[in-house]
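Residue strings, one per chain:
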Amino acid sequence: MTESGKVVVVACAGMDKPLGSVARDSVFKVVEELRPKEVELVSLPPLLAGVSSNSELVGNLPVITVDGCAERCATKLIVKNGGKIRGRVLVPDIAKKHNLLPESASRLGPNGERLAEIIAEEIASIVDRLVQGM
């Protein structure tokens, strides 16, 4: 049985990619600060490894994917696991729209931090829309 009013958020796992780092930072902002009661975080590695608790969350709750590059690994893995994607955030598109890029994968810098904040707000907005629709 699923928890009412919860949404799963899955972020890019591209550890060596600057926009992957932005994706993860933005998701942590949502989980820890903006919508901690409404969001369940599912990481890609345990999902890829077949951890049943993660697979159940993805299969039973609406999912928001946050992809850091054109590979769209988060989206592909959720689809492969039968998840119901109800929101998608493409970090490169938002970075281009706002003309903001992080310094590197290990240091976001002021522009990367601002980009992560913008993306976190967008994710929170999608969470609100999904929770209100439940």
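Now for a description of the structure that goes with this document.

## Focus on the overall build of the protein
Here is step 1 of the chain: A tally of regular secondary structure across the protein gives 6 helices and 4 strands.
Here is step 2 of the chain: When the helices and strands of the protein are placed in sequence order, the string is β-α-β-α-α-β-α-β-α-α.
Here is step 3 of the chain: Compactness check: the protein gives a C-alpha radius of gyration of 14 Å against a globular reference of 14 Å for 134 residues, within 12% of the reference.
Here is step 4 of the chain: A principal-axis box enclosing the C-alpha atoms of the protein has dimensions of 40 × 30 × 20 Å.
Here is step 5 of the chain: By the burial criterion, 46% of the 134 residues in the protein qualify as buried.

## Side note on the pattern of salt bridges
Here is step 1 of the chain: Counted according to the given criterion, the structure contains 6 salt bridges.
Here is step 2 of the chain: Residue glutamate 113 pairs with lysine 29 through a salt bridge whose shortest N-O separation is 3.6 Å. Within this pair, whereas glutamate 113 is found in helix H6 (residues 109–132), its partner lysine 29 is found in helix H1 (residues 18–34), the two being separated by 84 residues in sequence.
Here is step 3 of the chain: The exposure class of glutamate 113 is partly exposed, given its relative accessible area of 32%.
Here is step 4 of the chain: Judged by relative accessible area, lysine 29 falls into the buried class, the value being 16%.

## What about the nonpolar core?
Here is step 1 of the chain: With 28 residues, the main nonpolar core has Val22, Ile64, Val66, Val89, Leu115, Ile119 and Ile123 as its most contacted residues.
Here is step 2 of the chain: Where this core is concerned, the elements lending two or more residues are strand E1 (7–11), H1, strand E3 (62–67), helix H5 (91–98) and H6.
Here is step 3 of the chain: Of all the elements, H6 adds the most residues to this core, at 9 residues.
Here is step 4 of the chain: Among residues more than four places away in sequence, those in contact with valine 66 are Val9, Val10, Ala11, Cys12, Ala23, Ser26, Val27, Ala74, Val89, Val91, Ile119 and Ile123.
Here is step 5 of the chain: Core analysis: the next-biggest nonpolar cluster, separate from the first, contains 11 residues, Val42, Leu47, Val58 and Val63 among them.

## Considering the sheet that holds E3
Here is step 1 of the chain: Here 4 strands make up an open sheet; going across it, the order is E2-E1-E3-E4 and the pairing parallel. Pairing within the sheet leaves two strands with one partner each, and these edge strands are strand E2 (39–41) and strand E4 (84–90). For this sheet, the mean inter-axis angle between neighbouring strands, taken without regard to orientation, is 25°.
Here is step 2 of the chain: Sheet topology places E1 next to E2; 3 bridges connect them, and they run parallel. Note that in E2 the partner of valine 8 across the bridge is glutamate 40.
Here is step 3 of the chain: In the packing of helix H3 (residues 52–60) onto the sheet, the strands contacted are E1, E2, E3 and E4, and the crossing angle to E4 comes to about 95°.

Calculation notes
Residues numbered from 1 in each chain as written. Predicted model: local features only at pLDDT ≥ 70, side-chain atom pairs only at ≥ 80, totals over all residues. Heavy atoms only, no water. Helix = DSSP H or I, 4+ residues; strand = E, 2+ residues; numbered from the N terminus. Rg over C-alpha atoms; globule rule 2.2 N^0.38 Å. Buried < 20%, exposed > 50% of the residue type's maximum accessible area, 1.4 Å probe, protein only. Salt bridge = Lys/Arg side-chain N within 4 Å of Asp/Glu carboxyl O. Core = buried A, V, L, I, M, F, W, Y, C linked by side-chain atoms within 4.5 Å. Contact = heavy atoms within 4.5 Å. Pairing = 2+ DSSP bridges. Axes fitted to C-alpha atoms, helices over the stretch in contact; angles between N-to-C directions.

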